[in-house]
Amino acid sequence: MPDPQLIIIGAGPAGMAAALYAGRARIKTLIIEKLGPGGQMLWTDRIENYPGFPDGIAAYELIEKMATHAKKFGVEEFSGEVFHVGPGETKNCIKVKLETTTLCPRAVIVAAGANPRRLGIKGEAELTGRGVSYCATCDGAFFKNQTVAVIGGGDTAVQEAVFLTRFAKKVYLVHRRDQLRATGVLRELALSNPKIEPVWNTVTEEIEGDGAVRAVLLFNKAAGERKALPVDGVFVFAGMQPNTSFLPQDIRKDSQGFLITDEWMRTSIPGLFAAGDCRAKPLRQIVTAVGDGATAAYAVEQLIG
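Reading the values: rules and limits
- Residues numbered from 1 in each chain as written.
- Predicted model: local features only at pLDDT ≥ 70, side-chain atom pairs only at ≥ 80, totals over all residues.
- Heavy atoms only, no water.
- Buried < 20%, exposed > 50% of the residue type's maximum accessible area, 1.4 Å probe, protein only.
- Helix = DSSP H or I, 4+ residues; strand = E, 2+ residues; numbered from the N terminus.
- Contact = heavy atoms within 4.5 Å.
- Pairing = 2+ DSSP bridges.
- 1 Å grid on protein atoms, 1.4 Å probe; cavity = no way out; pocket = protein on both sides within 12 Å on 5 of 7 lines; lining within 4 Å.
- Points joined across faces, edges and corners; volume = space filled by probe spheres on them.
- Core = buried A, V, L, I, M, F, W, Y, C linked by side-chain atoms within 4.5 Å.
- Disulfide = S-S within 2.5 Å.
- Polar contact = N/O pair within 3.5 Å; in protein donor to acceptor, adjacent residues only side chain to side chain.

On to helix α5 (residues 155–164), then. Since there are 3.6 residues in each turn of an α-helix, residues three or four apart along the chain are aligned in direction. Looking at α5, one finds that the buried residues are A157, V158, E160, A161, F163 and L164. Next to the buried residues of α5 lie α4 (136–139), β12 (147–151), β13 (170–174), α6 (184–191), β14 (196–199) and β18 (233–236).

Rendered as structure tokens:
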């Protein structure tokens, strides 16, 4: 495998937008993805807030359109996992270590996204895949006519709670505050849905079950009371953990591990850029990921000359 000028790690919306712009700039580009195109879009049934689709668009359809567009400009793909990225032996090289080879492009864009953050409570790990899930689109159909709890109050939690009403007979939306953090439209959808019951000012302390989820142990902070809520499934949406473990320890990150960049998407390591959900920023959406990717590719074009 010859060394490309640019390697993009991750084929979510940030990575595919970067690939599109780099391909159009005639930069020899390789995009590496260990699973398949789409990133977190694969966990969503339908995209309702991407510009140009007033009636929404199926997530898989948007993924296919993005991937096809990027390939049109000669971007190469490689299916594999990146184990380490760091400065190379020469000034104009970023070392990218794969399982069987090491590549040395002029620049790297990290668009590896993020994974769901775990609650870290008793029963969560033991019951993951046995009633505990982090993807309603993946697992919602398993809970037809059952009762589930959704943990969280942001956009993802609320959107997935609404999605789960297609299958579940009852959805408890457990949130540690007294109002949802989700955007107005999503709040209205959730709070007007008769299948959704919010549980305010409440944290989840334990997930109970023997081989399968049976209940969640809740603590109401306002009332100072604990109770067991019988449920058949628990969907956790407690934020995201960036996929940055393969990067040097001394790269600049924020307190949660997200990569700190400047407005050009440059990290603290020369030649290494970041885009999308692995980057420290106030809003993580498909539209912002696409903007990050385009900016990073443009910055690479200026670097390579």
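Glancing now at the pairing of strand β17 (residues 225–230). Sheet topology note: the strand β16 (residues 213–220)/β17 ladder contains six bridges and is antiparallel. Following the sheet pairing, L217 is matched in β17 by A228. As consecutive antiparallel partners, β16 and β17 are separated by four residues, and within that stretch G224 has a phi angle of approximately 70°, a positive value.

This structure, assessed with the given rule, holds one cavity of 30 Å³ or more. Estimated volume of the largest cavity: approximately 60 Å³. Contributing to the lining of the largest cavity are A11, M16, A19, I31, P37, A67, A70, K71, V75 and E77. Of all the secondary structure elements, the ones that give two or more residues to the lining of the largest cavity are α1 (13–24) and α2 (59–71). Of all the elements, α2 adds the most residues to the lining of the largest cavity, at three residues.

A separate point is unusual backbone geometry. The phi dihedral of R26 is positive, around 65°, even though this residue is not glycine. Tracing the chain through its elements places R26 in the loop between α1 and β2 (29–33). With a phi angle near 50°, N201 is a residue other than glycine that sits in the positive phi range. Among the secondary structure elements, N201 is positioned in the loop between β14 and β15 (202–209).

So, on to the nonpolar core. Nonpolar side chains tend toward joint burial in soluble globular proteins. Core analysis: the largest hydrophobic core is formed by 22 residues, its most contacted members being L6, I8, I109, F273 and V300. When residues of this core are traced back to their parent elements, those giving at least two are β1 (6–9), α1, β9 (107–110) and α7 (286–304). Ranked by residue count, the leading element in this core is α7, at five residues. If we ignore the near neighbours within four places in the chain, the residues touching L6 are A22, I27, K28, T29, L30, P105, A107, V108, I109 and V300. Formed by 20 residues, the second largest nonpolar core is a distinct cluster that contains I9, V96, L103 and I251.

Glancing now at the state of the cysteines. A complete count under the given rule lists two disulfides for this structure. Paired through a disulfide, C93 and C104 show a sulfur-sulfur distance of 1.4 Å. Here the residue C93 occupies a position in the loop between β6 (84–87) and β7 (94–97), and C104 occupies one in the loop between β8 (102–103) and β9, the gap between them amounting to eleven residues. On the accessibility criterion, C93 (5% relative accessible area) is buried. A relative accessible area of 28% means that C104 is categorised as partly exposed. Paired by a disulfide, C135 and C138 hold their sulfur atoms 2.2 Å apart.

By secondary structure assignment, the location of T267 is in the loop between β19 (240–242) and β20 (272–274). Judged by its relative accessible area of 12%, T267 is buried. Within the structure, T267 has its side chain in polar contact with the backbone nitrogen of I269 (distance 3.2 Å). From its side chain, T267 meets the backbone oxygen of L272 in a polar contact 2.7 Å long. Excluding its chain neighbours within four sequence positions, the residues that come into contact with T267 are I251, I260, T261, L272, F273 and A274.

Fair warning: the whole summary comes from geometry, so function is off the table for now.
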